[in-house]
Amino acid sequence: MAVQAARAMDVPLPASGSAQQVKLALCQMSITADKDANIQAMRATVKEAASNGAKLVVLPEMWNCPYSNDSFPTYAEDIEGGKSPSVIALAEAACENQVTLVGGSLPEASQGKLYNTCCVFDSSGKLLAKHRKTHLFDIDIPGKMTFRESLTLSPGPGPTVVDTEAGRLGIGICYDIRFPELAWIYAQRGCQLLVYPGAFNTTTGPLHWELLQRSRAVDNQLFVAACSPARSPDSAYQAWGHSTVVGPFAEVLATTGHEADIVYAELDYAQVEERRTQIPIRTQKRSDIYGLVDYTSV
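Residues numbered from 1 in each chain as written. Predicted model: local features only at pLDDT ≥ 70, side-chain atom pairs only at ≥ 80, totals over all residues. Heavy atoms only, no water.

S.K.: What exactly am I supposed to notice about the side chain of Ser 105 here?
M.R.: As for its position among the elements, Ser 105 is in the loop between β4 (100-102) and β5 (106-110). Classification of Ser 105 as buried rests on a relative accessible area of 0%. There is a polar contact of 2.6 Å between the side chain of Ser 105 and the side chain of Asn 116. Those residues in contact with Ser 105, other than ones at most four positions away along the chain, are Pro 60, Glu 61, Met 62, Trp 63, Asn 116, Thr 117, Cys 118 and Ile 173. (Helix = DSSP H or I, 4+ residues; strand = E, 2+ residues; numbered from the N terminus. Buried < 20%, exposed > 50% of the residue type's maximum accessible area, 1.4 Å probe, protein only. Polar contact = N/O pair within 3.5 Å; in protein donor to acceptor, adjacent residues only side chain to side chain. Contact = heavy atoms within 4.5 Å.)

So, in C-alpha cells, the structure goes:
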C-alpha cells in the first residue's frame, strides 16, 4: 500500500496565555545497579529541584538501571499494563512536588518488544505522553566505542509533541538528537523547547554533545535541553555527563561537569519569536527547492 506523504507545515507557537517563562532543572543523577535505590534517588532529586523553584524537571536516559544491553531486559517494566514501579514513582514525584516532569527514560516491555521510553507527566501526576526512542544507538568506532541498542531494543514510531504547563515540548532520547529532521518537525509543530534525555559517552561526548544541542537550537531557533546521567567510574559504559541548556541563539545558558548535579536555567519563551523575527530563516526557506516530508502528520 502506498504511503501518502505530507509536506510539513508550520504550526503557530502556543498562545500568549500559556507559559512564557519557566524555571528548568536537569537532574544529572548517579545511576546504580539497585533499581530501588535509583527510584529513591529520583524522588530526592526531583524534590530538591522543586524546592529550588523549578517547575519543569528533566531526568536522564535510563535513570533506573545501568546503560547496557544486559540490563535492559532485566530492568524493563510494563508501562501499559500498569506494572511499572518506576512510572508510578515518577507520577507521584510530579504530583507531590507540583512540577511538570520529563521522566528521562527507562526500558519498557510491551507486546514482546523492548523500548527505550520517556514518560512526561503534568503537575497532578497525569501521564501526558510517552516517547519511544526513534533512532537506535548503533555505532562502531574501532578501538573506542561499539554499542548496538538494536540487539535488545526496538525503535519507536516517531515524533512526540506534548503541551504542558511548562510549554510545548518536543521529546527525543539521546541518539535522536543526531537527526535534524526530527527537530525540524518539532519546530514546525510549534515546539518551544526540545528535551533530550541522553547518555553520550566519553568518546563522542567531548566533540558532539554540546555541538549537537547548539546545532538543533540554532537550526530551529528554539530552546534545547539535554540531561545526562553522572559518570560512574565503576560502570562499563562511561557517560559524558555535562547536562546542558541552550537558548534559541545557540547560547549555552547552563551546564555542568560529569558528577552528580542539578542544572538550572530560566527560560523565556518570548525569545523564540524574538530570534525568529531578527533572523527570519523560517520565511526565507526555498520551498521551491527543498522541503521536509512528515509521514506522521497524515
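S.K.: What is the right way to look at the environment of Leu 151 in this model?
M.R.: Tracing the backbone shows Leu 151 in the loop between β9 (145-148) and β10 (161-164). Taking the C-alpha atoms as reference points, Leu 151 and Asp 36, 115 residues apart in sequence, are found 26 Å from one another.

S.K.: How should I be thinking about helix α3 (residues 85-97) in this particular structure?
M.R.: Residues spaced three or four apart along an α-helix face the same direction, because each turn holds 3.6 residues. With 13 residues, α3 ought to run about 18 Å at 1.5 Å a step, and its terminal C-alpha atoms sit 18 Å apart, in line with that. Along α3, the residues that are buried comprise Ser 86, Val 87, Ala 89, Leu 90, Ala 91, Ala 93, Ala 94 and Asn 97. Just past α3, the residue Gln 98 takes up positive phi, approximately 55 degrees. (Expected span 1.5 Å × (residues − 1).)

S.K.: What should I look at first to understand the pattern of salt bridges in this one?
M.R.: Opposite charge on two side chains lets them pair, provided their charged atoms get close. Under the definition given, this model contains 13 salt bridges. Salt-bridge contacts for Glu 210 lead to Arg 214; the nearest nitrogen and oxygen are separated by 3.7 Å. Of this pair, Glu 210 and Arg 214 both sit in helix α5 (residues 205-220), four residues apart, roughly one helical turn. Here Asp 219 and Arg 216 are joined by a salt bridge, their closest N and O atoms 3.3 Å apart. One end of the pair is Asp 219 and the other is Arg 216, both in helix α5 and three residues apart, which spans about a single turn. (Salt bridge = Lys/Arg side-chain N within 4 Å of Asp/Glu carboxyl O.)

S.K.: Help me understand the packing of helix α1 (residues 35-51) against α3 in this model?
M.R.: Helix-helix packing is described using two parameters, namely the angle between the two axes and the distance between the axes. Running from N to C, α1 and α3 cross one another at 15 degrees; their axes reach a closest spacing of 10 Å. The orientation of α1 with respect to α3, classified from their angle, is roughly parallel. At the point where α1 passes α3, the crossing takes the right-handed sense. Listed contacts from α3 to Lys 35, Ile 39, Met 42, Arg 43, Val 46, Lys 47 and Ala 50 of α1 are Pro 85, Ser 86, Ala 89, Leu 90, Glu 92, Ala 93, Glu 96 and Asn 97. For the contact of α1 with α3, the per-class residue count stands at eight nonpolar, two polar and five charged. (Axes fitted to C-alpha atoms, helices over the stretch in contact; angles between N-to-C directions. Parallel < 35°, antiparallel > 145°, perpendicular 65-115°, else oblique. Left-handed = near helix turned anticlockwise from the far one by under 90°. Nonpolar A, V, L, I, M, F, W, Y, C, P; charged D, E, K, R; others polar.)

S.K.: Looking at this structure, I do not really get the packing of aromatic side chains. What am I missing?
M.R.: Note on aromatic pairs: each is described by the distance of the centres and the angle between the planes. Taken as a whole, this structure holds nine aromatic pairs when the rule is applied. Arranged with centres 5.9 Å apart and planes meeting at 75 degrees, the rings of Phe 147 and Tyr 237 form a pair that is edge-to-face. Here Phe 147 is found in strand β9, whereas its partner Tyr 237 is found in the loop between β13 (223-227) and β14 (244-246), with 90 residues between them in sequence. Residue Tyr 237 is classed as buried on the basis of its relative accessible area of 9%. Their ring planes at 70 degrees and their centres at 5.7 Å tell us that Tyr 175 and Phe 179 sit as a pair that is edge-to-face. Classification of Phe 179 as partly exposed rests on a relative accessible area of 27%. By way of ring pairs, the aromatic residues Tyr 67, Phe 72, Phe 137, Phe 147, Tyr 175, Phe 179 and Tyr 237 are connected into one cluster. Over the face of the ring belonging to Tyr 264 we find Lys 23, whose NZ or CZ atom lies 5.1 Å from the ring centre. For Arg 132, the ring lying beneath its charged end belongs to Tyr 115, and the centroid distance is 4.0 Å. (Phe/Tyr/Trp six-rings, centres within 6.5 Å; stacked < 30°, edge-to-face > 60°. Lys NZ or Arg CZ within 6 Å of the ring centre and 35° of its normal.)

S.K.: Would you explain the sheet that holds β10 in this entry?
M.R.: Sheet strands pair by backbone hydrogen bonding; their relative direction is either parallel or antiparallel. Pairing is mixed across the open sheet formed by six strands, whose spatial order is β10-β11-β12-β13-β14-β15. For this open sheet the edge positions go to β10 and β15 (252-255), each flanked by a neighbour on one side alone. Taken pair by pair, the neighbouring strands of this sheet meet at an average axis angle of 20 degrees, ignoring direction. Packing against the sheet, helix α4 (residues 180-188) makes contact with β10, β11 (167-171) and β12 (193-197), and its axis sits at approximately 145 degrees to β12. (Pairing = 2+ DSSP bridges.)

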